[in-house]
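# Commentary on secondary and tertiary structure
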Amino acid sequence: MDLNFTPEEEIFRNEVRTFLADRLPARLSDKVANGKHLAKADMQEWHAILNTRGWLANHWPVAYGGPGWSAVEKFIFEHECCLASAPRIVPFGVNMLGPVLIKFGNETQKRHWLPRILDGSDWWCQGYSETGAGSDLAAVSTTAQRGHDAQGEHYIVNGQKAWTTLGQHANMIFCLVRTNREAKKQEGISFLLIDMTTPGVEVRPVITLDGVHEVNEVFFTDVRVPAENLVGEEDKGWTCAKYLLTYERTNIAGVGLSVAALERLKRIAAQQMRNGRPLAEDPSFAARMARVEIDLENMKTTNLRMIAAVVGGGVPGAESSMLKIRGTQIRQEISSLNRRAMGPYARPFITEALEDDYTGMPVGPEAAASAAALYFNNRKLSIFGGSNEIQKNIISKMILGL
C-alpha cells in the first residue's frame, strides 16, 4: 500500500494551493485563523467563490455539478483549505442533503433543489436531534400526519428539534419525522423537506458555553408541508438518515483542521514566554505538544490508509469510528494546549473581541481572544455526529464481536 501522493495528485495539490492564494479573501482567512466569528455573508461569499470554480460540491457526480474528484483529491482539497485558513463549507445542503437527494430523490426534486443548493438560493439546516433523540436518533417523536384538502396532499408536522446548527440563517430544514407510531422505531420514520417560513415554525436561540448563538431549538405547531417534499418512501426515512450520516462523518476526524491548529499552536508556543524562555522549551508543555503531534501523524496515516482502501474498492467499517474518536480527542487537546499557552490572558473571555467591529483594548496576545472560546466550543466534538461512547460500541461490535 503506497500512501504517497502520485505525481498527478501533487499537480492537483499545487492547483488547489494556487487557487486558494488567488481567490481566498485575506479578510476571511484572517478571521478563521484568529478564531473570529464568521457572519452569514462571509460563509455565503466563500460558498459562491467555490461554486463559481466548480469545487463547491466536490463529492457530487459530474452530472449534478460536481468536479468528479477521487477520494484522494477530495482529501487534498479539504486539507489545503484548512492549512490556508479557509472557511469551512456549511455542510447541511452541500455535504448532507445533496447526496441524499441524488440517491433517493425523484427527478423533480433533483432538478429543483440541487441547483438551489449550489447557487445559495436555499440555506439548509438539519432537523435530526431532539431532546429525547440524540445518540438514539431513531427515538424521534416529531410527528407528521398525512392528509388531503383542497390544496392537495400534505403532512401536518408537530414537535421539536434541538441543537439546530445555524438554523437562525436557514430558510429550509430537512427533518426526520415519525409517520407511523405503530411500527418499530426505525420503520416508522420519514424524511421531509420543510420551508421554515411556513406558519407554525418557530426558531429559538440557544446560547452555548462560549457565548455564541450557533445552535437553536426549532418548534413545529401544525406546520403544513406539501407531500411532494417527502424524500424517498413514507416510513422508510431511516434509510435516508443512515446514508446522510455517512457523509456527515466523512471528514469528522478533521485531520486538516488539526494540522492547521497544531501549526498555529507551535507559533504561539514559540512566542509565549515562561520563566524567561519560550513556552515551547518548557519540558511539560513540549511533551504534551509532542504527544499530540505523534497522535496526529498516526491518525493522518490511518486516514490515508482508509482512503486507499476505498479507492481500491473497499468499504470503511470500524475505521471511521476510530478516526472520529481520535480526531475529536486530538482537536480537544490542541485547543486545551492553546488555552493553556495563553496563561492568565485566556481567563478574561470577551465575546465581543471576536467580532469585526470590536474596538476595545486587547487583553494579552491576539490569540488570547479566541483561546477560551475554541476550548469551550470544542467540548462538543466528542458528542455530535455520534458520540464517542456510541463509536466505541460500534468498534466493540464490529471488531470484537461483543
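In what follows, the accompanying structure is described. (Residues numbered from 1 in each chain as written. Predicted model: local features only at pLDDT ≥ 70, side-chain atom pairs only at ≥ 80, totals over all residues. Heavy atoms only, no water.)

With that settled, the discussion passes to the packing of aromatic side chains. What the rule picks out here adds up to 14 aromatic pairs. Aromatic side chains phenylalanine 12 and tryptophan 55 sit 6.3 Å apart centroid to centroid with 55° between the ring planes, which places their arrangement in the tilted category. Of the two residues, phenylalanine 12 is situated in helix H1 (residues 7–23) and tryptophan 55 in the loop between helix H3 (40–53) and helix H4 (71–83); the sequence distance between them amounts to 43 residues. Since its relative accessible area comes to 6%, phenylalanine 12 is described here as buried. A centroid spacing of 5.1 Å and a plane angle of 75° characterise the contact between phenylalanine 12 and tryptophan 69, whose relative ring orientation is edge-to-face. Of this pair, phenylalanine 12 sits in helix H1 while tryptophan 69 sits in the loop between H3 and H4, placing them 57 residues apart in sequence. Just as phenylalanine 12 is buried, tryptophan 69 falls in that class too. An aromatic cluster is defined as three or more aromatic residues linked by ring pairs; in this entry it consists of Phe12, Phe19, Trp46, Trp55, Trp69 and Phe77. Its guanidinium or amino end placed over the ring of tyrosine 375, arginine 339 lies 4.4 Å from that ring's centre, counting from NZ or CZ. (Phe/Tyr/Trp six-rings, centres within 6.5 Å; stacked < 30°, edge-to-face > 60°. Helix = DSSP H or I, 4+ residues; strand = E, 2+ residues; numbered from the N terminus. Buried < 20%, exposed > 50% of the residue type's maximum accessible area, 1.4 Å probe, protein only. Lys NZ or Arg CZ within 6 Å of the ring centre and 35° of its normal.)

Below, the discussion takes up the layout of surface pockets. The space that makes up the second largest pocket amounts to roughly 260 Å³. Around the second largest pocket, the lining is made up of 19 residues, and of these Ala353, Tyr358, Pro362, Glu366 and Ala369 lie nearest the centre. Grouping the constituent residues of the lining of the second largest pocket by class yields 13 nonpolar, three polar and three charged. (1 Å grid on protein atoms, 1.4 Å probe; cavity = no way out; pocket = protein on both sides within 12 Å on 5 of 7 lines; lining within 4 Å. Points joined across faces, edges and corners; volume = space filled by probe spheres on them. Nonpolar A, V, L, I, M, F, W, Y, C, P; charged D, E, K, R; others polar.)

All quantities given are derived from atomic positions and should not be read as evidence of function.
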